[in-house]
Amino acid sequence: KAGVTQTPRYLIKTRGQQVTLSCSPISGHRSVSWYQQTPGQGLQFLFEYFSETQRNKGNFPGRFSGRQFSNSRSEMNVSTLELGDSALYLCASSSQTGARGEKLFFGSGTQLSVL
Amino acid sequence: SQQGEEDPQALSIQEGENATMNCSYKTSINNLQWYRQNSGRGLVHLILIRSNEREKHSGRLRVTLDTSKKSSSLLITASRAADTASYFCATDLRGATNKLIFGTGTLLAVQP
């Protein structure tokens with residue numbers, strides 16, 4: 001099975017722009033989570049989707065949004081980018097059951113730089 | 001934030017030695033997981049231990065969990081240069097929704 005695929009791998013944007021990141025989970029996985037990783041704050045939970053529904057949301061401003069499609073692929077969007085949004089954005093999927101507390105399979109991440 | 005804390009922040013050892021990392025957390029959990037991350041890449045799941053378990057083994061990995069002290073440790077035996085990475089604990093909070101809270105991580109360097 002192919003792993004979790006995130007695109008693009010690297011992205012450079014300027015302040016005020018918006019960005020869309022994409023994540024394709026492992027085939028058959030219906031739960032997709034997003035995390036932001038920065039040197040200062042570490043790994044922070046953004047949101048989790050299961051069967052196209054957002055089940056959980058972290059403490060991020062409304063500029064951060066996401067969605068999941070019927071094929072379980074997910075996108076996250078950040079509008080009005082700020083310098084502090086520079087980070088590695090990681091997507092993770094978990095198994096078909098969508099049960100809580102399962103192990104996560106991570107993609108390689110999208111490294112976003114905001115100039 | 002209910003983020004866990006890991007100790008030490010950084011650890012440097014020689015190949016063949018054992019490495020021990022500790023994780024403390026703040027509230028009751030369903031389970032605790034350990035992940036490994038090579039520089040700038042995604043995380044890889046290592047092992048999961050449930051709240052009713054005290055010890056678990058997987059290959060060269062040994063994890064312990066003490067729920068009374070709200071702490072866990074990860075032991076890597078006979079370390080190799082390829083074990084060089086950051087190691088994170090992650091907790092799944094009891095009664096909470098399905099999100100993992102990650103610790104601050106331990107950066108392990110194994111010198112050949």
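Draft legend 1. Seen up close, the overall build of chain B. If you tally the helices and strands in chain B, you get zero helices and eleven strands. What you see in chain B, going N to C, is helices and strands ordered as β-β-β-β-β-β-β-β-β-β-β. For a compact globule of 112 residues, the expected C-alpha radius of gyration is about 13 Å, and chain B comes in at 13 Å, within 12% of that figure. If one aligns the C-alpha atoms of chain B with their principal axes, the spans along those axes are about 45 × 30 × 20 Å.

Draft legend 2. Local environment of the state of the cysteines. All names here are of chain A. A complete count under the given rule lists two disulfides over all chains for this structure. Across a sulfur-sulfur distance of 1.8 Å, Cys23 and Cys91 are joined as a disulfide pair. Since a negative S-S torsion denotes a left-handed disulfide, the Cys23-Cys91 link at about -55° is left-handed. Separated by 68 residues along the polypeptide, Cys23 in strand β3 (residues 19-24) and Cys91 in strand β9 (residues 87-94) bring together distant segments of the chain.

Draft legend 3. Structural detail: the interface of chain B and chain A. Contact residues are listed per partner, giving 19 residues for chain B and 24 residues for chain A. Taken together, the connections running from chain B to chain A amount to zero salt bridges. For the pair chain B and chain A, the number of links is five residue pairs in polar contact (both at pLDDT 80 or more). Listing elements by their share of the side of chain B that touches chain A, those giving two or more residues are β4 (29-37), β5 (43-50), β9 (85-93) and β10 (100-102) of chain B. For the side of chain B that touches chain A, the element with the highest residue contribution is β4(B), accounting for four residues.

Draft legend 4. Representation of the nonpolar core. Counting residues in hydrophobic clusters, the biggest one holds 23 residues, and the most contacted among them are B:Met21, B:Leu32, B:Trp34, B:Leu74, B:Ile76, B:Tyr87 and B:Leu108. Those elements giving two or more residues to this core turn out to be β2 (10-14), β3 (19-24), β4, β5, β7 (61-66), β8 (71-76), β9 and β11 (106-111) of chain B. Residue contributions to this core peak at four residues, all from β9(B). Within the second largest apolar cluster, 21 residues are counted, among which are A:Leu21, A:Val32, A:Trp34 and A:Met76.

Draft legend 5. Summary view of the environment of B:Gln9. Residues and elements named next belong to chain B. Mapped onto the secondary structure, Gln9 falls in the loop between β1 (5-7) and β2. Overall, Gln9 belongs to the exposed group, its relative accessible area being 65%. Taking C-alpha positions, Gln9 is 20 Å from His45, a pair spaced 36 residues apart along the chain.

What counts as what
- Residues numbered from 1 in each chain as written.
- Chains lettered and ligands numbered in written order.
- Predicted model: local features only at pLDDT ≥ 70, side-chain atom pairs only at ≥ 80, totals over all residues.
- Heavy atoms only, no water.
- Helix = DSSP H or I, 4+ residues; strand = E, 2+ residues; numbered from the N terminus.
- Rg over C-alpha atoms; globule rule 2.2 N^0.38 Å.
- Disulfide = S-S within 2.5 Å.
- Contact = heavy atoms within 4.5 Å.
- Salt bridge = Lys/Arg side-chain N within 4 Å of Asp/Glu carboxyl O.
- Polar contact = N/O pair within 3.5 Å; in protein donor to acceptor, adjacent residues only side chain to side chain.
- Core = buried A, V, L, I, M, F, W, Y, C linked by side-chain atoms within 4.5 Å.
- Buried < 20%, exposed > 50% of the residue type's maximum accessible area, 1.4 Å probe, protein only.

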